[in-house]
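Each chain, written out:
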Amino acid sequence: MTYFERMIALRKQHGYSQQRVSEILHIASRSYQYYEYGQREPTVSVIIALAELYGVSTDYLLGVSDDPRRDL
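Keep in mind the model is a prediction, meaning the values are calculated, not measured.

Cut-offs used in this document
Residues numbered from 1 in each chain as written. Predicted model: local features only at pLDDT ≥ 70, side-chain atom pairs only at ≥ 80, totals over all residues. Heavy atoms only, no water. Helix = DSSP H or I, 4+ residues; strand = E, 2+ residues; numbered from the N terminus. Rg over C-alpha atoms; globule rule 2.2 N^0.38 Å. Buried < 20%, exposed > 50% of the residue type's maximum accessible area, 1.4 Å probe, protein only. Contact = heavy atoms within 4.5 Å. Areas by Shrake-Rupley, 256 points an atom, 1.4 Å probe, with all protein chains shown as cover. Lys, Arg positive; Asp, Glu negative; His and termini not counted. Charge placed at Lys NZ, Arg CZ, Asp CG, Glu CD. Axes fitted to C-alpha atoms, helices over the stretch in contact; angles between N-to-C directions. Parallel < 35°, antiparallel > 145°, perpendicular 65-115°, else oblique. Left-handed = near helix turned anticlockwise from the far one by under 90°. Nonpolar A, V, L, I, M, F, W, Y, C, P; charged D, E, K, R; others polar. Arc of directions from axis to C-beta.

## Observations concerning the overall build of the protein chain
Helix and strand counts for the protein chain stand at 5 helices and 0 strands. Seen in sequence order, the protein chain has helices and strands lined up from the N terminus as α-α-α-α-α. Taking 11 Å as the expected radius of gyration for a compact globule of 72 residues, we find that the protein chain reaches 11 Å, a close match to that expectation. When its C-alpha atoms are laid out on the principal axes, the protein chain stretches across 30 × 20 × 20 Å. The proportion of buried residues among the 72 residues of the protein chain is 35%. Taking the contacts inside the protein chain whose residues are at least 6 apart along the sequence as the reference set, 43% of them involve residues at least 24 apart. Working note: accessible area of the protein chain is about 4,400 Å², and carbon and sulfur atoms make up 49% of it. Counting 8 positive and 9 negative side-chain charges, the protein chain places the averaged centre of each group 6 Å from the other.

Have a look at this one:
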């Protein structure tokens, strides 16, 4: 699963809209949409913020691990 597929799945699991996530992250809605469409890669700070928001590891979010709780 790609990082943007994980972003979409986690967002939907938590019941957030793209707009709401962009507000939480303090980024433009369009920027967040580009991340989910795989058109741009999120910055390190956005990856960390998303992992914290969803309670998963950055490795899980990036597709490095299938265990949402464990960083390698």
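Now that the structure has been shown, the text picks up again.
## Concerning unusual backbone geometry
Apart from glycine, the bulk of residues carry a negative phi angle, and the bulk of peptide bonds sit in the trans form. Phi at histidine 26 is positive, roughly 60°, even though this residue is not glycine. Here histidine 26 lies in the loop between helix 2 (18-25) and helix 3 (29-36).

## Let's talk about the packing of helix 2 against helix 4 (residues 44-54)
The geometry of helix 2 relative to helix 4 is characterised by a closest axis approach of 11 Å and an angle of 110° between their N-to-C directions. As the angle between them shows, helix 2 and helix 4 are arranged roughly perpendicular. Crossing geometry of helix 2 relative to helix 4 is assigned as right-handed. Where helix 2 approaches helix 4, its residues Val21, Ile24 and Leu25 are matched on the opposing element by Val46, Ala49, Leu50, Leu53 and Tyr54. In terms of residue class, the contact of helix 2 with helix 4 is made up of 8 nonpolar, no polar and no charged.

## Observations regarding helix 1 (residues 3-13)
Among the residues of helix 1, Tyr3, Arg6, Met7, Leu10 and Arg11 are the ones counted as buried. The buried residues of helix 1 occupy an angular sector of 130° when projected down its axis, which confines them to one face. Opposite the packed face of helix 1, turned more than 90 degrees from it, sit the exposed residues Lys12 and Gln13. Looking at the buried positions of helix 1, the neighbouring elements they touch are helix 2, helix 3, helix 4 and helix 5 (58-62).

## Observations regarding the environment of isoleucine 8
Counting through the fold element by element, isoleucine 8 comes out in helix 1. Sequence separation between isoleucine 8 and glutamine 18 is 10 residues, and the spatial gap between their C-alpha atoms is 8.8 Å.

In short, shape yes, function no, at least from these values alone.
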